[in-house]
Amino acid sequence: MSFRYLWAHGTTLGAQPFPYFAPLASLGVFLFIVYIITALKQVLDSPNQRVLW
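(A) Quick look at the overall build of the protein chain. A tally of regular secondary structure across the protein chain gives two helices and zero strands. Burial statistics for the protein chain: of 53 residues in total, 11% are counted as buried. About 4800 Å² of surface is accessible on the protein chain, with carbon and sulfur atoms providing 69% of the total.

(B) Fine view of the pattern of salt bridges. Throughout the structure, instances matching the rule amount to one salt bridge. Two residues, Asp45 and Lys41, come together in a salt bridge whose shortest N-O distance is 2.8 Å. Taken as a pair, Asp45 and Lys41 lie in helix H2 (residues 21-45) at a separation of four residues, close to a single helical turn.

(C) Up close: a nonpolar patch on the surface. The grouping of Val29, Phe32, Ile33, Tyr35 and Ile37 at the surface amounts to a nonpolar patch, some 540 Å² of accessible area in total. With respect to the helices, strands and loops of the structure, Tyr35 is situated in helix H2.

(D) The arrangement of the environment of Asp45 in detail. Overall, the relative accessible area of 54% leaves Asp45 in the exposed class. At 2.8 Å, the side chain of Asp45 and the side chain of Lys41 are in polar contact.

What counts, and where the lines are drawn
- Residues numbered from 1 in each chain as written.
- Predicted model: local features only at pLDDT ≥ 70, side-chain atom pairs only at ≥ 80, totals over all residues.
- Heavy atoms only, no water.
- Helix = DSSP H or I, 4+ residues; strand = E, 2+ residues; numbered from the N terminus.
- Buried < 20%, exposed > 50% of the residue type's maximum accessible area, 1.4 Å probe, protein only.
- Areas by Shrake-Rupley, 256 points an atom, 1.4 Å probe, with all protein chains shown as cover.
- Salt bridge = Lys/Arg side-chain N within 4 Å of Asp/Glu carboxyl O.
- Patch = residues over 30% accessible without salt bridge, like charges linked within 9 Å, V, L, I, M, F, W, Y side chains within 5 Å.
- Polar contact = N/O pair within 3.5 Å; in protein donor to acceptor, adjacent residues only side chain to side chain.

Pasting the structure below:
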């Protein structure tokens, strides 16, 4: 049984940890996107600032 199958169907198999991965992953991606948008906004607001990443 593959990890991808457990990720998608963990709730039907009774595998308890797997249903928690999707919300945590989506929350992490959301926070990362918010961080990128905030950083880009700061760079665009002050054109003299150098981008350090």
